[in-house]
Amino acid sequence: MSTADQAVSVSRYSSVTEDKSAGATYTPKLLADFVAKQIVQGVGKLSGKGTLRILDPAVGHGELLVSLLEQLPSQRALKLEVYGFETDLNALNIAAERLQKKFPLVSFHFESVSFLDYVLENFGIHDYGDLFSPSVPEAYDLIIANPPYVRTQILGAKQAKLLASQFGLSGRLDLYYAFILGMSRVLKPKGVAGLIVSNRFMTTKSGASIRQAIFDRFNIRHAWDFGDTKLFEAAVLPAVLLVEGKNGHSDVKPAFSTIYETKNQETDEASNPIEALSKKGIIKINDGRRFHVQHGKLHTNDTPDGVWRVATEAVDSWLKKVNSHTWGTFRDIGKIRVGVKTCADKVFIRKDWENLSLEDRPELLKPLTTHHIAHRFKPRELAQKTEILYPHEIAQGRRRAVNLDNYPQSQAYLEKYRDTLEGRKYVIESGREWYEIWVPQDPSSWDQPKLVFRDIAEEPTFWIDLSGSVVNGDCYWLICEKIDQTDLLWLACAVGNSTFIEKFYDLSFNNKLYAGRRRFITQYVEKFPIPDPYSHLGQKIINLAKQVYDCSPSPEAEQLVEKLDALVWGALTGDEEG
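Definitions and cut-offs
Residues numbered from 1 in each chain as written. Predicted model: local features only at pLDDT ≥ 70, side-chain atom pairs only at ≥ 80, totals over all residues. Heavy atoms only, no water. UniProt positions renumbered as here; feature names shortened; annotations may be inferred. Helix = DSSP H or I, 4+ residues; strand = E, 2+ residues; numbered from the N terminus. Buried < 20%, exposed > 50% of the residue type's maximum accessible area, 1.4 Å probe, protein only. Contact = heavy atoms within 4.5 Å. Areas by Shrake-Rupley, 256 points an atom, 1.4 Å probe, with all protein chains shown as cover. 1 Å grid on protein atoms, 1.4 Å probe; cavity = no way out; pocket = protein on both sides within 12 Å on 5 of 7 lines; lining within 4 Å. Points joined across faces, edges and corners; volume = space filled by probe spheres on them. Nonpolar A, V, L, I, M, F, W, Y, C, P; charged D, E, K, R; others polar. Axes fitted to C-alpha atoms, helices over the stretch in contact; angles between N-to-C directions. Parallel < 35°, antiparallel > 145°, perpendicular 65-115°, else oblique. Pairing = 2+ DSSP bridges. Polar contact = N/O pair within 3.5 Å; in protein donor to acceptor, adjacent residues only side chain to side chain.

- Going by an unreviewed UniProt entry, the protein carries the name site-specific DNA-methyltransferase (adenine-specific) and comes from Alcanivorax quisquiliarum.
- UniProt annotates the protein under Catalytic activity (unreviewed entry) with the comment "a 2'-deoxyadenosine in DNA + S-adenosyl-L-methionine = an N(6)-methyl-2'-deoxyadenosine in DNA + S-adenosyl-L-homocysteine + H(+)".

Next up, the structure:
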């Protein structure tokens with residue numbers, strides 16, 4: 001089988017819709033013009049003679065090439081050769097007709113094949129080329145691209161693994177990761193590329209390998225995080241990278257700009273998010289939305305695979321001050337875990353167990369914490385409580401499935417759904433019992449005091465669970481590694497619910513979804529700072545957090561929360577509220 005035969009083409013995903021499987025997200029004109037302008041400015045003064053080779057590895061309807069060719073200076077002595085790849089033949093025909101009509105003097109070379117197939121066939125799995133290829137094609141001076149976004153879940157595990165091995169990637173990946181690495185193989189050392197990608201890779205754990213690879217294979221000039229500007233009709237949070245080939249001249253630290261929606265009062269105005277990026281501060285655009293625009297240097301915590309954030313003198317100074325007041329982090333309290341995942345919720349999780357007769361009701365029911373009871377400090381109390389049938393226990397220090405013979409009512413209930421549960425082939429194939437929960441976590445931990453928090457929320461929502469409940473997979477949870485240090489959970493709860501942590505999160509990670517919602521996942525929360533719990537201020541915070549819990553919900557609790565917020569600011573910055 002040739003290298004090309006092994007390649008993962010973007011048109012080979014039969015289990016999803018055609019557009020979704022191909023990652024088709026066509027570029028809006030406003031963004032296409034922005035990327036083209038950055039490329040033209042980045043390349044500098046073009047030579048009046050010779051040939052300029054241009055590539056778009058995922059042509060679509062040709063919007064990016066139109067924008068780039070419109071902005072390139074008109075020089076008849078400079079020959080333009082444009083190359084493009086597109087697996088959607090209909091889209092490619094539209095683009096070819098459009099471009100040839102608009103730019104009759106340009107030489108176009110389009111192929112209805114996958115760019116990844118082309119790279120692997122001509123350059124091999126490694127960068128030095130395929131020994132069986134007759135010749136290695138000439139590289140490109142300019143690349144403009146909006147590669148397809150197709151995540152691991154849609155690629156399928158087998159194809160994702162193949163893709164990762166072909167392009168030297170690890171962990172969860174997206175198809176555009178491979179496109180980025182493919183483009184690094186065909187860009188000239190002094191060439192310039194403008195790439196539109198999802199911003200997910202900048203801040204997620206799964207993006208570490210591609211962050212490392214980008215630094216290894218390109219000189220980054222500027223990165224723009226377009227956040228929740230909604231430039232695409234699809235639910236894509238885009239980013240733009242302006243890079244040049246790896247040419248040994250990488251002394252200049254890359255610039256980094258971000259734009260995210262805010263509710264703060266504007267300091268300036270612009271017609272649209274692109275124009276807003278030419279300014280800084282809080283910018284109001286014509287449709288009434290306001291955006292916080294920041295410009296600085298790209299900071300990665302001094303490691304090439306580190307999370308990307310904006311580094312400015314003010315930001316770095318503030319984070320340094322916080323660090324000087326930090327005693328430890330949430331990770332020092334204990335391991336953060338996601339909740340249980342049954343992969344058959346309709347069987348295991350119900351609100352109506354009480355409707356069953358006492359003779360039919362399973363013995364293995366436990367209260368279940370879900371995001372529906374999420375509330376700061378103390379969970380909501382619902383009239384109809386959710387419970388989970390939890391068939392796991394600890395024996396001799398190890399987790400195991402219970403013996404159903406000892407729980408006849410649970411056994412009878414589960415037997416009714418045996419076909420459904422045995423349909424979870426991965427459970428059986430992993431050597432587990434057919435009635436087990438897929439991710440049960442630690443049965444011995446549920447009775448301990450827990451800090452629980454929501455995964456996605458506009459405001460951080462942390463609360464203490466003292467009910468011994470099982471935590472569902474829509475939340476994360478934390479117990480103390482040392483059982484005699486449970487006061488640390490109250491301290492963490494106060495920090496987690498503070499306006500301080502919102503600022504810390506935004507300056508350290510800045511992974512926001514639409515409408516200002518943040519992702520509170522392990523890789524971020526475990527880095528949240530906590531002040532000295534044994535200091536006078538630390539003890540005041542702990543005691544006040546317990547008071548808030550005891551009197552919630554009430555107007556008194558709301559007043560105490562404001563006081564607690566100021567104490568957290570004081571403990572971690574030396575100031576009150578900033």
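Next comes the rest of the description.
1. Points about the overall build of the protein
Here is step 1: The secondary structure content of the protein amounts to 22 helices and 26 strands.
Here is step 2: For the protein, buried positions account for 54% of its 578 residues.
Here is step 3: Across the protein, the fraction of contacts at a sequence separation of at least 24, relative to all contacts at a separation of at least 6, is 73%.
Here is step 4: Accessible surface for the protein amounts to roughly 27000 Å². Of this, 48% is attributable to carbon and sulfur atoms.

2. Examining the layout of surface pockets
Here is step 1: Estimates place the volume of the second largest pocket at around 840 Å³.
Here is step 2: For the second largest pocket, the lining is made up of 28 residues, of which T262, N264, H292, D506 and K512 are closest to its centre.
Here is step 3: Put simply, the parts of the chain that give the lining of the second largest pocket at least two residues each are β8 (255-261), β11 (290-299), α12 (313-324) and α19 (499-508).
Here is step 4: With five residues, α19 is the single largest residue contributor to the lining of the second largest pocket.
Here is step 5: Class assignment of the residues belonging to the lining of the second largest pocket gives a composition of seven nonpolar, ten polar and eleven charged.

3. With respect to the side chain of T369
Here is step 1: Among the secondary structure elements, T369 is positioned in strand β16 (residues 365-369).
Here is step 2: For T369, a relative accessible area of 2% gives the class buried.
Here is step 3: Dropping the residues within four chain positions of it, T369 is found in contact with V452, W463, D465, S469, V470, V471, N472 and D474.

4. Here we look at the packing of helix α18 (residues 487-496) against helix α21 (residues 536-551)
Here is step 1: Where α18 contacts α21, the axes come no closer than 8 Å and their chain directions differ by 80 degrees. Between α18 and α21, the interaxial angle falls into the category roughly perpendicular. Two secondary-structure elements touch here, α18 through D487, W490, L491 and A494 and α21 through G538, I541, I542, A545, K546 and Y549.
Here is step 2: Of the residues in the contact of α18 with α21, the class split is seven nonpolar, one polar and two charged.

5. A look at the sheet that holds β16
Here is step 1: Taken together, the four strands give an open sheet; going across it, the order is β15-β17-β16-β23, and neighbouring strands pair in mixed fashion. Each edge of the sheet is formed by a strand with only one pairing partner; in this case those strands are β15 (349-350) and β23 (470-471).
Here is step 2: As paired elements, β15 and strand β17 (residues 387-389) share two bridges and run antiparallel to each other. Bridge pairing in β17 links I349 to I388.

6. Some thoughts on the environment of N146
Here is step 1: In this fold, N146 is placed in the loop between β4 (140-145) and α7 (152-155).
Here is step 2: As a C-alpha pair, N146 and A58 span 88 residues in sequence and 6.6 Å in three-dimensional space.
Here is step 3: Of the polar contacts made by the side chain of N146, one reaches the side chain of T27; its length is 2.9 Å.

7. Examining the environment of I456
Here is step 1: Relative to the assigned elements, I456 resides in strand β21 (residues 456-457).
Here is step 2: Residues I456 and R518 lie 62 residues apart in sequence; the distance between their C-alpha atoms is 5.7 Å.
Here is step 3: Other than its neighbours up to four places away in sequence, I456 contacts L513, R517, R518 and R519.

8. Description of empty space enclosed by the protein
Here is step 1: Enumeration according to the criterion identifies three cavities of 30 Å³ or more in this entry.
Here is step 2: For the largest cavity, the calculated volume is near 60 Å³.
Here is step 3: Considering the residues around the largest cavity, the lining is formed by T258, Q294, R309, V310, V315, D506, L507 and N510.
Here is step 4: Contributions of two or more residues to the lining of the largest cavity are made by β12 (309-311) and α19.
Here is step 5: Quantified by volume, the second largest cavity comes out at close to 40 Å³.
Here is step 6: Along its surface, the second largest cavity is lined by N199, R200, M202, T203, D225, Y260, N510, N511 and K512.

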